[in-house]
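Spelled out, the chains give:
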Amino acid sequence: MGLTAGIVGLPNVGKSTLFNAITKAGVLAANYPFATIDPNVGVVEVPDERLDKLTNLVKPKKTIPTIFEFTDIAGIVKGASKGEGLGNKFLSHIREVDAIVQVVRAFDDENVTHVDGDVNPIRDIETINLELIFADLEVVEKRIPKILKKAQLRVDQDSVFEYEVLKKIHDHLMDNQPIRTIKLADTEFAVIKNFNFLTYKPMLYVANIIEGEINEYEDNEYIKIIKEFAMKENSEVVVISAKIEAELSELDADEKEIFLEELGITVSGLEKLIVRSYDLLGLETYFTAGPEEVRAWTFKKGMKAPACAGIIHTDFEKGFIRAETIKYDDLIKFGGEQGAKEAGKARLEGKEYIVQDGDVMHFRFNV
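Residues numbered from 1 in each chain as written. Predicted model: local features only at pLDDT ≥ 70, side-chain atom pairs only at ≥ 80, totals over all residues. Heavy atoms only, no water.

A. Inspection of the side chain of arginine 50 at higher detail. Relative to the elements of secondary structure, arginine 50 occurs in helix H2 (residues 49-58). Under the relative-accessibility criterion, arginine 50 is labelled buried at 17%. Arginine 50 has contacts with Thr285, Phe287, Tyr328, Asp357 and Gly358, leaving out every residue within four places of it along the chain. (Helix = DSSP H or I, 4+ residues; strand = E, 2+ residues; numbered from the N terminus. Buried < 20%, exposed > 50% of the residue type's maximum accessible area, 1.4 Å probe, protein only. Contact = heavy atoms within 4.5 Å.)

B. Quick look at helix H3 (residues 121-153). For H3, with 33 residues, the first-to-last C-alpha span of 47 Å sits near the 48 Å given by 1.5 Å per residue. Of all the bends found along H3, the most pronounced is centred on isoleucine 147 and spans about 45°. One or two steps after H3, the chain reaches arginine 154, where phi turns positive at roughly 55°. (Expected span 1.5 Å × (residues − 1). Bend = angle between axes of the 7 residues up to and from the residue.)

C. Structural context of the environment of histidine 170. Its place among the elements puts histidine 170 in helix H4 (residues 157-174). The buried category is assigned to histidine 170, whose relative accessible area is 17%.

D. Inspection of the pairing of strand E10 (residues 320-327) at higher detail. Two elements, E10 and strand E12 (residues 359-365), share seven bridges in a ladder whose sense is antiparallel. Bridge pairing in E12 links threonine 325 to methionine 361. Sheet topology places E10 next to strand E11 (residues 347-349); three bridges connect them, and they run antiparallel. Bridge pairing links alanine 323 to glutamate 349 in E11. (Pairing = 2+ DSSP bridges.)

E. Up close: the packing of aromatic side chains. Tallied over the full model, the rule gives 10 aromatic pairs. Aromatic pair phenylalanine 287 and tyrosine 328: ring centres 6.4 Å apart, planes at 40°, arrangement tilted. Of this pair, phenylalanine 287 sits in strand E8 (residues 283-289) while tyrosine 328 sits in helix H12 (residues 328-333), placing them 41 residues apart in sequence. With respect to burial, phenylalanine 287 and tyrosine 328 carry one shared label: buried. Aromatic ring contacts, followed pair by pair, group Tyr286, Trp297, Phe299, Phe320 and Phe363 into a single cluster. (Phe/Tyr/Trp six-rings, centres within 6.5 Å; stacked < 30°, edge-to-face > 60°.)

F. Expanded view of the sheet that holds strand E5 (residues 99-105). Read from one edge to the other, the open sheet built from six strands follows the order E2-E4-E1-E5-E6-E7, with strand pairing classed as mixed. The open sheet has two free edges, formed respectively by strand E2 (41-45) and strand E7 (236-240), since each of these has just one partner strand. Here the average twist between neighbouring strands, direction ignored, is 25°. The strands touched by helix H6 (residues 221-232) are E5, strand E6 (203-208) and E7; relative to E6, the strand with the most contacts, the crossing angle is about 175°. Of the strands in this sheet, strand E1 (3-8), E2, strand E4 (67-72), E5, E6 and E7 are in contact with helix H9 (residues 269-281), which crosses E7 at around 175°. (Axes fitted to C-alpha atoms, helices over the stretch in contact; angles between N-to-C directions.)

G. Structural view of the pattern of salt bridges. For the structure shown, the criterion picks out 19 salt bridges. The partner of aspartate 48 in a salt bridge is arginine 50, with the nearest N and O atoms 2.9 Å apart. Taken as a pair, aspartate 48 and arginine 50 share a single burial class, namely buried. Look at the salt bridges and you will find they share partners, linking Asp48, Arg50 and Asp357 into a network. (Salt bridge = Lys/Arg side-chain N within 4 Å of Asp/Glu carboxyl O.)

H. Spotlight on the packing of H3 against H4. Interhelical geometry of H3 versus H4 gives an angle of 150° and a closest axis separation of 9 Å. On the basis of the axis angle, H3 is roughly antiparallel to H4. In this structure, the crossing between H3 and H4 has a hand that is left-handed. For the pair formed by H3 and H4, the contact residues are Ile133, Asp136, Leu137, Val140, Glu141, Arg143, Ile144, Ile147, Leu148, Lys150 and Ala151 on the first element and Ser159, Val160, Glu162, Tyr163, Leu166, Lys167, Ile169, His170, Leu173 and Met174 on the second. Of the residues belonging to the contact of H3 with H4, the class tally is 13 nonpolar, two polar and six charged. (Parallel < 35°, antiparallel > 145°, perpendicular 65-115°, else oblique. Left-handed = near helix turned anticlockwise from the far one by under 90°. Nonpolar A, V, L, I, M, F, W, Y, C, P; charged D, E, K, R; others polar.)

I. Representation of the environment of asparagine 196 within the structure. One can find asparagine 196 in the loop between helix H5 (186-192) and E6. In sequence terms asparagine 196 and serine 92 are 104 residues apart; their C-alpha atoms lie 9.8 Å from each other. For asparagine 196, the residues in contact, after removing those within four places along its chain, are Arg95, Glu96 and Lys201.

J. Looking closely at H6. When the terminal C-alpha atoms of H6 are compared, their 17 Å separation across 12 residues agrees well with the 16 Å that a helix rising 1.5 Å per residue should span. For H6, the set of buried residues is Tyr222, Ile223, Ile226, Phe229 and Ala230. The buried side chains of H6 occupy one side of the element, clustering within an arc of 130° when seen end-on. Counted as exposed and oriented over 90 degrees from the buried face of H6: Glu221, Glu228, Met231 and Lys232. Of the surrounding elements, those touching the buried residues of H6 are E5, H3, E6 and E7. One side-chain oxygen of the residue at the start of H6 lies 2.7 Å from the amide nitrogen of tyrosine 222, identifying that residue as asparagine 220. Taken from the residues just after H6, asparagine 234 is the one with a positive phi, measuring 55°. (Arc of directions from axis to C-beta. Polar contact = N/O pair within 3.5 Å; in protein donor to acceptor, adjacent residues only side chain to side chain.)

Here you go:
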C-alpha cells in the first residue's frame, strides 16, 4: 500500500512548482512503469536509509522502496463550486487519496500575482476549505433524498441510522466545519466510509516560502498564523520552498547533498512532507529481505501480522501460518539473518502479533 495524497491550492501559490519538482524527483528516483500513466500524477520514492543499509547487507538482485503518489488538480478559486475559474469538477480526482496537501503562499513577491490581489494565508486556506466543504455538501444532499422516505417510515433501521449520520454531517458542514473535526463512532464511520468525503481526510498544510527564508522561517508572520490555524483543527504544517525543491529535483544524489549542506539544512522539504504525512496517517514500514529483493512495505500502525502479509498478496493473509521476524537493528547489529538467529534475535510470531516499524519479516503461509 503506497501512500497517496491530493495537492490543492489557489493559483500562483507554488502548487505547480512543487508538483513539477515531485514529478521530476519521481522520474529520477524510480523506475516504475506506471509513474507516467497520467500527467497529473507524480510518483516519488519514500527515502529510508534502513532500506539502503539492508541492501548493502543482503546484496539482493533488486531493491524496491515504498512510494508516495501525488495527484495534482487545477487551481481552485473562490466560487469554484458555482463554476468560477475551472470549477470544482477536478475535486473528484482526489476523492480516493489518503490525505490532502494544501499549498499555501507564505511569501510576498510583486512579480508573482495573487489571484485575490494580496497575500493573506488564512483567507486563502478558508477559500479552499470552503470549496471542499461545498463539494462534500453536494454529495450529502444527493444522498439524503434517496434514503429519506425509508428513514421517515422507520421500516429500515440501516436507512434510519444512515440518515441520522448524514444529517449530523450536513449540519456540521453547513456551519462551515470540515467533517474531520467531528468525533465519529466506528459505526458512524462505517456508514460514510465509501463516500470518500474530502473534508474527512487528514489535511497537511504546506507553507511555501521564499528561498532566502529557509533557515529563519520561524520569524515569518505568515507561518505563525498558518500554524495557529492548523493547530485548531489538529492538522500539520510543513514549511518548504517550492523553488528550492525544483532546483533539488534537477540534481543527482551527491549534488543534492552538497546543495543542502550549502543551504544549511539536512533534509529536503519533500522528505519533510513525506515523514510528516506518515506521522499524520499513522503509517509505518516493515521490510522483506532476501537474495532476490529487499523491499519496503507501508502499513497502518497497529496492524496484525496476517493483515500485513496481505499487503504483499491476499493469499498470504488467507493462508497465514506464522511470521519469521527480526528487528532491523538486530539484523544490522549481528551482520544478517544467520547472525541474528545465532544471537537468539529471530522470533516466530502468530496471528495476533502487532507488526512493529522496522520489522524484517518472512511470512509462512499455505493456501
